[in-house]
Amino acid sequence: MKNNLNNSYLKVIAGYISEMYLPSISAMEIFEIASTLEQTSMQDIFEKIYIIYKNDIKVPKNDYLNMINKIYFYLADNNISVFEEDLDNKKVLSLINNEIRQKDCYLFEKITYPLFLFTKNLYFELIKNGAQKVYFFSREGQFMKKIFEAFQEQMCGPKVKTEYLYVSRASTFLGTLNSIDKENFQALFNQYPKMSIKTFLQNLDFTDDEITNLNKKIDLDFCLKIENIQKSEALKKVKSDKTFVELYNTKRKNAKNSFIKYLSSFGEDYQKELYVVDVGWKGTIQNNLQKILTKTKIHGYYLGLVHYDKIEDYEFKNSCLFEYSIENKTNNGILYNSNRSIFEVLLSADHGSTKNYEIHNDKAVPVLNNQVKEQELYVEKIKPIQENIYEKFVKISEILKYGYFDKMYVEKLMNKQFFKLMFKPSKAEVNEYNSFYHFENFGVMNYSRFNTAKKVTLKQKIKNYRHFRTFIQNDDSWQYLKLHNNKMVLGKIVLYFYKKARFKKMGVI
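A few points on the structure. (Residues numbered from 1 in each chain as written. Predicted model: local features only at pLDDT ≥ 70, side-chain atom pairs only at ≥ 80, totals over all residues. Heavy atoms only, no water.)

**Things to note about the environment of K373**
Next, step 1: If you trace the backbone, K373 turns up in helix α17 (residues 372–400).
Next, step 2: Since its relative accessible area comes to 37%, K373 is described here as partly exposed.
Next, step 3: Sequence separation between K373 and F439 is 66 residues, and the spatial gap between their C-alpha atoms is 8.9 Å.
Next, step 4: Aside from chain neighbours lying at most four places away, what touches K373 is Y437 and Y447. (Helix = DSSP H or I, 4+ residues; strand = E, 2+ residues; numbered from the N terminus. Buried < 20%, exposed > 50% of the residue type's maximum accessible area, 1.4 Å probe, protein only. Contact = heavy atoms within 4.5 Å.)

**Section: the sheet that holds strand β5 (residues 317–325)**
Next, step 1: With parallel pairing, 5 strands are arranged side by side in an open sheet as β2-β1-β3-β4-β5. Each of the sheet's edge strands pairs with one partner strand only, and the pair in question is β2 (161–165) and β5. For this sheet, the mean inter-axis angle between neighbouring strands, taken without regard to orientation, is 30°.
Next, step 2: Two strands pair when backbone bridges link them, and strand β3 (residues 273–278) and strand β4 (residues 297–307) are joined in this way by 6 bridges, in the parallel orientation. Considered in β4, the bridge of V276 is made with G300.
Next, step 3: Against the sheet, helix α6 (residues 112–128) engages β1 (133–137), β3, β4 and β5, with an angle of about 130° to β5.
Next, step 4: Contacts from helix α7 (residues 141–154) reach β1, β2 and β3 within the one sheet, and its direction differs from that of β2 by about 170°. (Pairing = 2+ DSSP bridges. Axes fitted to C-alpha atoms, helices over the stretch in contact; angles between N-to-C directions.)

**Quick look at the pattern of salt bridges**
Next, step 1: Tallying each qualifying case throughout the model produces 18 salt bridges.
Next, step 2: When the shortest N-O distance is used, the salt bridge between K120 and E19 registers 3.1 Å. Placement of the pair is K120 in helix α6 and E19 in helix α1 (residues 7–20), with a sequence separation of 101 residues. Residue K120 shares its accessibility class with E19, and that shared class is buried.
Next, step 3: Between E109 and K392 there is a salt bridge, with its nearest N and O atoms 3.0 Å apart. Here the residue E109 occupies a position in the loop between α5 (89–101) and α6, and K392 occupies one in helix α17, the gap between them amounting to 283 residues.
Next, step 4: Looking at E109, the relative accessible area reads 3%, which means it is buried.
Next, step 5: Take K392: its relative accessible area is 6%, and that puts it in the buried class.
Next, step 6: Via salt bridges that share partners, E99, E109 and K392 belong to a single interconnected network. (Salt bridge = Lys/Arg side-chain N within 4 Å of Asp/Glu carboxyl O.)

**Brief notes about the pairing of β2**
Look at any regular strand and the pattern is simple: side chains alternate between the two faces of the sheet.
Next, step 1: Most of β2 is tucked away: 4 of the 5 residues are buried.
Next, step 2: In this sheet, β2 lies alongside β1 in parallel orientation, the contact comprising 5 bridges. The residue bridging F137 from the neighbouring strand is L165, located in β2.
Next, step 3: Considered for its hand, the β-α-β crossover made up of β1, α7 and β2 is right-handed. (Right-handed = clockwise from strand over helix to strand, strands pointing away.)

**What about the packing of aromatic side chains?**
Next, step 1: One pass over the structure, following the stated rule, counts 42 aromatic pairs.
Next, step 2: For the ring pair Y21 and Y64, a centre distance of 5.4 Å and an interplane angle of 70° mean the geometry is edge-to-face. Of this pair, Y21 sits in the loop between α1 and α2 (27–34) while Y64 sits in helix α4 (residues 61–77); the two residues are 43 residues apart in sequence, bridging distant segments of the chain.
Next, step 3: You can call Y21 buried: its relative accessible area is 6%.
Next, step 4: Through a chain of ring-to-ring contacts, the aromatic side chains of Y16, F116, Y123, F124, F136, F148, F151 and F393 assemble into a single cluster.
Next, step 5: The ring centre of F471 lies 4.7 Å from the NZ or CZ of K482, which sits over that ring. (Phe/Tyr/Trp six-rings, centres within 6.5 Å; stacked < 30°, edge-to-face > 60°. Lys NZ or Arg CZ within 6 Å of the ring centre and 35° of its normal.)

**Focus: a positive patch on the surface**
Next, step 1: A cluster of basic side chains, namely K416, K420, K424 and K504, defines a positive patch on the protein surface.
Next, step 2: The topology assignment puts K504 in helix α23 (residues 489–506). (Patch = residues over 30% accessible without salt bridge, like charges linked within 9 Å, V, L, I, M, F, W, Y side chains within 5 Å. Areas by Shrake-Rupley, 256 points an atom, 1.4 Å probe, with all protein chains shown as cover. Lys, Arg positive; Asp, Glu negative; His and termini not counted. Charge placed at Lys NZ, Arg CZ, Asp CG, Glu CD.)

**Things to note about the packing of α1 against helix α3 (residues 42–52)**
Next, step 1: Interaxial distance between α1 and α3 falls to 12 Å at its minimum, and their mutual angle equals 30°. By the angle between their axes, α1 is roughly parallel relative to α3. Between α1 and α3 the crossing geometry is right-handed. Mapping the contact onto sequence places Y9, L10, I13 and I17 in α1 and M42, I45, F46 and I49 in α3.
Next, step 2: A breakdown of the residues in the contact of α1 with α3 according to their chemical character gives 8 nonpolar, no polar and no charged. (Parallel < 35°, antiparallel > 145°, perpendicular 65-115°, else oblique. Left-handed = near helix turned anticlockwise from the far one by under 90°. Nonpolar A, V, L, I, M, F, W, Y, C, P; charged D, E, K, R; others polar.)

Printed below as a string of structure tokens:
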């Protein structure tokens, strides 16, 4: 460099510029160009970089300069120590390759890599957009918050304050509803068209006693599952009942007010903007919050987004790992959409879902639906896996903390590990996954298991092979697991080599 400016700081900032503004250009390339510039200050260099890449940097010049200068002054004012040996691309890639080449020591170890990519992208998105505070939604957000804090602790740039928000579709749905004459419950029935009156009332936070008393007044079988409940005579009858309407109005108003009171306990800064994080896939909770907090601009960040709804619903939603839709299947989206449930299961929390919020001593307190079987699953199986993932995550973050490495190479390397988990898992991982179960706390209110194993006749197996493509693509289940549970050994081999060739051609792995 034709000046005596701090090379180490410039390399670190090149990493920030690459991640935040120039995703297809490496930090090394940015630094190499910067090192040829004859300038008198860092600020001159930052401005020159903007001019060189102005067609690729999609933000106004002042916004870019303000953010990059903020990062630089954070480094300088805090006298952050940066060691040149940690900014050696060859050394960094050697270390990360060694880490990846080590034999897996525990089940689902490879899930660490997509979680790292997600967390890295989340951090840079929040910094770029000037977020001061970010809320992680329960329950998947509990572990996501933990690894995010570990990641940003390693970073030598600005930090974002983190909060954990007890929230769920159930706890926010009721507060979005209109008066009974204007409400069609479309958000509920679109996803769950078949349910009983009892389940419908449970989704509106009616207690068992309230449901029993209401059933005494209304001559219906509340436990009978109705094929299309939205257009049923049974629902019309319930909606026209005076007792139901009075309870319904009280509950929806209380739900909205108590949630706002709960959110206010974190401070009043949410009233203008709110930055939230969740696992995905549609951002329903964000939609609910936006209906409750009509004047607040809510920015959602997700591990993945799956588009099946109106595209405008995704205007303020950002995917930090993958995006998938019928019309637009991104390369990463096709890979990571192979089994979204694995993220939900392995990101479980040590508590139940949030039912609602109760007021105690003028304070809103989350009420949790703690299920014994869920807690047993977490303590016995999920928690040990998370502890191992966290340990490996910290190691990876330590190696890659400065962002001065070939990020496209590293991303492919990490994608490949997830590919192996999806299409060539260990027998122990398959057996363990088959033992997992999930409680659906909104809509249908029941347990579901991932184990679909059943006795398969030779005739059925031949039919499955004859219609192989249809067989593995007719639902959202994990394709490998489906083949395994249907005793289709040859199918697993075919799937592996087909997917490997496809993802290599696409440049994903």
